[in-house]
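Here is how the chains run, residue by residue.
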Number of protein chains: 2
Amino acid sequence: MSDYQPPLRDIRFVFEHIAGLRDLAQLDAYAHADPETVAGLVEEAGRFCAEAVAPTNREGDVHGTVLRDGEVILPESFQKVYSQYVEAGWGALHHPAEFGGGEFPLLVANAFKEMLNAANLAFSLGPLLTTGAVYALSHHGSDELKQTYLPKMVSGEWSGTMNLTEPQAGSDVGAVTTKAVPADDGTYRITGQKIFITFGEHQLTENIIHLVLARLPDAPPGTKGISLFLVPKFLVDDDGSLGARNDVTCVTVEHKMGIMASPTCVMAYGEQTDGAVGYLVGAPHDGMRAMFTMMNDARLGVGLEGVAIADRAYQQALTYAQDRRQGRAVGAPAGEQSPIIMHADVRRMLMTMKAQIEASRCLTYANAAAIDLAHAHPEPATREYNQKLADLYTPLSKAWGTDLGVELTSVAVQIHGGMGYIEESGVAQHYRDARIAPIYEGTNGIQAIDLVGRKLPYDNGDFVRSFIADLRTTADGLAGEELASIRTHLTDALDVLAETTEWLLSQRDDVQDVFAGATPFLRLMATVVGGAFMARSAQVALELRDDAAGEERDFLDAKLVTARFYAEQVLPQVHGLKHQVTATARDLFALSPAQLGL
Amino acid sequence: MSDYQPPLRDIRFVFEHIAGLRDLAQLDAYAHADPETVAGLVEEAGRFCAEAVAPTNREGDVHGTVLRDGEVILPESFQKVYSQYVEAGWGALHHPAEFGGGEFPLLVANAFKEMLNAANLAFSLGPLLTTGAVYALSHHGSDELKQTYLPKMVSGEWSGTMNLTEPQAGSDVGAVTTKAVPADDGTYRITGQKIFITFGEHQLTENIIHLVLARLPDAPPGTKGISLFLVPKFLVDDDGSLGARNDVTCVTVEHKMGIMASPTCVMAYGEQTDGAVGYLVGAPHDGMRAMFTMMNDARLGVGLEGVAIADRAYQQALTYAQDRRQGRAVGAPAGEQSPIIMHADVRRMLMTMKAQIEASRCLTYANAAAIDLAHAHPEPATREYNQKLADLYTPLSKAWGTDLGVELTSVAVQIHGGMGYIEESGVAQHYRDARIAPIYEGTNGIQAIDLVGRKLPYDNGDFVRSFIADLRTTADGLAGEELASIRTHLTDALDVLAETTEWLLSQRDDVQDVFAGATPFLRLMATVVGGAFMARSAQVALELRDDAAGEERDFLDAKLVTARFYAEQVLPQVHGLKHQVTATARDLFALSPAQLGL
């Protein structure tokens, strides 16, 4: 049996009661995504992830990637699993039917993605990048490019990459220097080096489609002079068959702390010739827009990585805590070595994981549903509202999800005691793997600045105000004794959220103070939003449980307890965070760099 | 130049104004430890750690340990550095003069230890274990054992180990099953396997002295039936020369997440013969007492590891933040790529590290000074008071220091962005290395239970009450505008500490509720104690700075700012933590193990 159990029950619950799958299925675009079809699909996806993919995770960590004569060799088990992935069409779930996709809501694709991340994070990054490339191409590419490349990318037969980063241009994409020169035939010649290119080279697919940010000769400086190019590893002939090898090579693979089996490549363009052959995607100098298309989706996807890996680590820690006997628990007979799950402190660690995993799953799924509504709802006003909602959620999903990934895998290591530090136990891998997620796709600090600098000011702050008012409605709706403490704590936390939001909005002339409070505010807001989702879950669970039996009843009872734990023991963090939000930038800049070193 | 700068200025400040080195030097036992002598000593120690040891850190990580024919091969550079360590007598600083030690206060030895940890954590574990073995032997061994073994262990020519853990006996030492059978000649024959034995085998020293917990044939069950034995790798002849190889072998070396160059051994005793030759240390069945002698010191030492590694990571992050240019800072000219230290969020990360490193350094150094006073003060009442104070401080030092080690090395990784995830940068190693410290020498959960279950109840709670009253005196003494916000926040935090302490003391009939609040309470208390030390530092800095100039003046100004940052932005955590402390065990045990898995 796999050591990973897809969280199907919780996914169904979130689909139904938090993310509104039923409403999505009312839309023309998603009429085929009725809850029953989706339930079957997700169950099958879970089986694939648990039984085929999850067992490859440790092999990937131990084997890593090997660069040999310009070719990157992945762990042996990956090829078979990847073929199964292509055959089943898992990569195509959300993509347009026109190119062979299933056109399911992103919500559904994200549930698959969560399980794939949990099963093997390193492996899942190939599909993640391909998906981003499909989005960019389908939104911005010419018809010819789309017809030539999308069908095989949607199926997964060809993979995709994003080539943004250069040594001097990481978070600051505007500093890109890779050059693109027009050729006589309407194509371009690309020259330059890109770093940190995930799945930049591998043998899983017969072609790799690189999307590359570069500058045209007449490009203005900064982000306004960036264009996007498609550079295939093998040129594609008119009949769709593969032609000559293009002048793009992997020159190094990085030695990383984790996600060992995900090749992180340094890619060289045009080193052997006058440039790699590239095709312009979208308008000249308009590459940033296409990049954001890839990136917004990828940011939510990376947030999911945190949730997913925390869940896998949680499952492993829970099993360990039941098996491992050590010390005598309170009330246990003398001489007994109790399972460590009987110790209060181990329970605290498990509940800390469970509560925050469930809360962040709600957030990331609601985020996906908002993107779906923004895309497919017939009413323009609803589309606009949900676009803003998705924009607000995305930095929360990315930064909170990935910070939790790091914190909670650390808790899982701790539950394992000494065994947690030994690689054979596997839990150390989750801890190492999780650490990348707060960094890539925009560091979490950048997410926080996006939140306070771009998202809070929507409609002069009225959008976030009405969002908070909606959460208050949730809190006010919590009736009865069993929900009383959730209501109290959520109401208190919403007061803090409202207060700190207004403080930030009122500081807009002093942007440094706003930026100084960005990271603690993001944590604060995400914690409260997560708390509101948990409160809603508890309310639903309370309504449903009298009609439920067996495991479903146990699940609903657990939801209530978990939501209460979250309200009483996680939400109060906001009372500390608010001081950080409003402390201003004064002390951050009071010391010179030299003084910081004394 | 080394990439590690010993924090000499801060160490001197803490010696003088926090840990009371001048008072220690008034005691007969430490009359030779006058501040000037100590300053010179620590400076030289710092030079050794920075210039000789620090450069070996990455080699150790890459090379790791290799087990070949029962011998453990360490990185090549270690032998030379270890010889220098022995020659200079660094290991002997605190040990009794009778056996060749310098008999300096533990406070002084700990400053050396901090720097050695920072320079190379894996390397430093050999000396750490030897030190623990010296303590156990010098307190509990017979004169004959002491004369035979201590001189060479004090000098470091022979190293020592602690053999506690067995597969079924990790945190629960009472479950040990290794056997000791009396032989006719007054020695014992030891048989059994021990796991997680740090520096259990290596070639740095010509002999290794294992201290082994085992059971005599007539031993009662549990911790009351544990005895301590000395088992040398090579038997020692009457003239002190090395004799036959004893029947103790390293059968495996663990593959760990970090501290790669510290051999973590599985040790087999008596597999070839009827048992390894061992010598009883202390009385039969009294091994736990000796073990605690080793362990209490080791717990403080492990706390220091967290502080040390966080400081090294901080230094590296600070350098990187000044060198790395990315994005335009607020107020910087258009088109500039600013050093990332000019971004508020990076400053927040640096200040978060600096403030907590300094606070936890104060705590661990004050802890050492309390141990020194408990040992060497002429007044019994002062000794008793300081013993209790050290007992209270030790779980705080261990758990808070090591939790901060993990959290702050993670912050350092984040400051490095993508480079932080690449092993070549070196910062990933600190993150991996730091993760062991919350686990070994009693997990941090065990520290928390020790704090609330054993330390708070001293004198029916009156000891901790008077301790808190002392901190209030510190807060009340903060006068003037520059200290006003520190005073306010510290006073608020002390109210929370007092309130939660009383709550825990009042729950003593319901021990499960006390244990449920243990971990958040430890964090809360340590944060407040650290805040009081920082407040005292600020007060001193304010007094001294008008007479200071140059770097010293800059340092004192920085102290004030750092203390204010701590007060305004770290201390308020307590307002969240208090809810966790007093939430009771209800929700921790409301779910069955099966429900936790739903």
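The notes below deal with the structure included here. Because the structure is a prediction, the values reported are computed rather than measured.

1. A short note on the overall build of chain A
No. 1: Looking only at helices and strands, chain A features 20 helices and twelve strands.
No. 2: Against the compact-globule benchmark of 25 Å for 598 residues, chain A has a radius of gyration of 24 Å, which places it among compact chains.
No. 3: Projected onto its principal axes, the C-alpha positions of chain A cover 80 × 65 × 55 Å.
No. 4: The proportion of buried residues among the 598 residues of chain A is 66%.
No. 5: Contacts in chain A between residues at least 24 apart in sequence constitute 74% of all its contacts with a sequence separation of at least 6.
No. 6: Summed over all atoms, the accessible surface of chain A reaches about 20100 Å², with 51% contributed by carbon and sulfur.
No. 7: Each charge class in chain A can be summarised by its mean position, and for the 47 positive and 77 negative side chains these summaries are 5 Å apart.

2. Observations concerning the pattern of salt bridges
Residue and element names in this part refer to chain A.
No. 1: Enumeration according to the criterion identifies 64 salt bridges over all chains in this entry.
No. 2: Here Glu 16 makes a salt bridge to Arg 22, at a shortest N to O gap of 3.1 Å.
No. 3: The exposure class of Arg 22 is partly exposed, given its relative accessible area of 40%.
No. 4: The salt bridge partner of Arg 472 is Asp 495, with a shortest N-O separation of 2.9 Å.

3. Structural notes on the relation of the copies chain A and chain B
No. 1: In screw terms, the move from chain A to chain B is a rotation of 180 degrees and a rise of 0.0 Å along the axis, fitting with an RMSD of 0.0 Å. On this basis, the relationship between the two copies can be described by a two-fold rotation axis.
No. 2: Counting the interface residues of chain A, we find that 100% of their copies in chain B are interface residues as well, pointing to one common contact surface.

4. Focus: the packing of aromatic side chains
No. 1: Inspection of every chain in the model, using the stated rule, returns 29 aromatic pairs over all chains.
No. 2: Summarising the aromatic geometry, the rings of Tyr 393 of chain A and Phe 533 of chain A are spaced 6.2 Å apart at their centres and angled 50 degrees between planes, so their arrangement reads as tilted. With a gap of 140 residues between them, Tyr 393 of chain A in helix α11 (residues 380–415) and Phe 533 of chain A in helix α17 (residues 518–544) connect regions that are remote in the sequence.
No. 3: A residue is classified by how much of its surface remains accessible, and Tyr 393 of chain A, at 7% relative accessible area, is buried.
No. 4: By relative accessible area, Phe 533 of chain A is classed as buried at 3%.
No. 5: These aromatic residues form a ring-pair network of at least three members: Phe 48, Phe 78, Tyr 82, Tyr 85, Trp 90, Phe 112 and Phe 123 of chain A.
No. 6: Geometry around Phe 234 of chain A places Arg 245 of chain A over its ring, the cationic atom sitting 5.5 Å from the centre.
No. 7: The ring of Tyr 431 of chain B is capped by Arg 435 of chain A, whose NZ or CZ atom sits 5.8 Å from the centre of that ring.

5. Side note on the environment of Phe 555 of chain A
No. 1: Here Phe 555 of chain A shows up in helix α18 (residues 550–570).
No. 2: Residue Phe 555 of chain A is classed as buried on the basis of its relative accessible area, which comes to 2%.
No. 3: For the pair Phe 555 of chain A and Asp 311 of chain A, spaced 244 residues apart in the sequence, the C-alpha separation amounts to 16 Å.
No. 4: In contact with Phe 555 of chain A, other than residues within four places in its own chain, are Arg 9, Asp 10 and Phe 13 of chain A together with Leu 598 of chain B.

6. A closer look at the interface of chain A and chain B
No. 1: At the interface, 95 residues of chain A touch 95 residues of chain B.
No. 2: Counting across the chain A and chain B interface gives four salt bridges.
No. 3: A salt bridge links Glu 568 of chain A to Arg 586 of chain B, with the nearest nitrogen and oxygen atoms 3.2 Å apart.
No. 4: Summed over the shared surface of chain A and chain B, the number is 55 residue pairs in polar contact (both at pLDDT 80 or more).
No. 5: The biggest single contributor to the side of chain A that touches chain B is α18 of chain A, with eleven residues.
No. 6: Class assignment for the residues of the side of chain A that touches chain B results in 41 nonpolar, 32 polar and 22 charged.

7. Re the environment of Ile 439 of chain A
No. 1: You can see Ile 439 of chain A is positioned in the loop between α12 (427–434) and α13 (444–455).
No. 2: Using a relative accessible area of 6% as the deciding quantity, one classes Ile 439 of chain A as buried.
No. 3: Separated by 137 residues in the primary sequence, Ile 439 of chain A and Val 302 of chain A place their C-alpha atoms 9.8 Å from one another.
No. 4: Those residues in contact with Ile 439 of chain A that sit more than four places away from it in its chain are Lys 398 of chain A together with Val 413, Gln 414, Gly 417, Gly 418 and Tyr 421 of chain B.

Conventions adopted
Residues numbered from 1 in each chain as written. Chains lettered and ligands numbered in written order. Predicted model: local features only at pLDDT ≥ 70, side-chain atom pairs only at ≥ 80, totals over all residues. Heavy atoms only, no water. Helix = DSSP H or I, 4+ residues; strand = E, 2+ residues; numbered from the N terminus. Rg over C-alpha atoms; globule rule 2.2 N^0.38 Å. Buried < 20%, exposed > 50% of the residue type's maximum accessible area, 1.4 Å probe, protein only. Contact = heavy atoms within 4.5 Å. Areas by Shrake-Rupley, 256 points an atom, 1.4 Å probe, with all protein chains shown as cover. Lys, Arg positive; Asp, Glu negative; His and termini not counted. Charge placed at Lys NZ, Arg CZ, Asp CG, Glu CD. Salt bridge = Lys/Arg side-chain N within 4 Å of Asp/Glu carboxyl O. Least-squares fit on C-alpha atoms with pLDDT ≥ 70 in both. Phe/Tyr/Trp six-rings, centres within 6.5 Å; stacked < 30°, edge-to-face > 60°. Lys NZ or Arg CZ within 6 Å of the ring centre and 35° of its normal. Polar contact = N/O pair within 3.5 Å; in protein donor to acceptor, adjacent residues only side chain to side chain. Nonpolar A, V, L, I, M, F, W, Y, C, P; charged D, E, K, R; others polar.

Any functional reading would require information that these geometric values do not contain.
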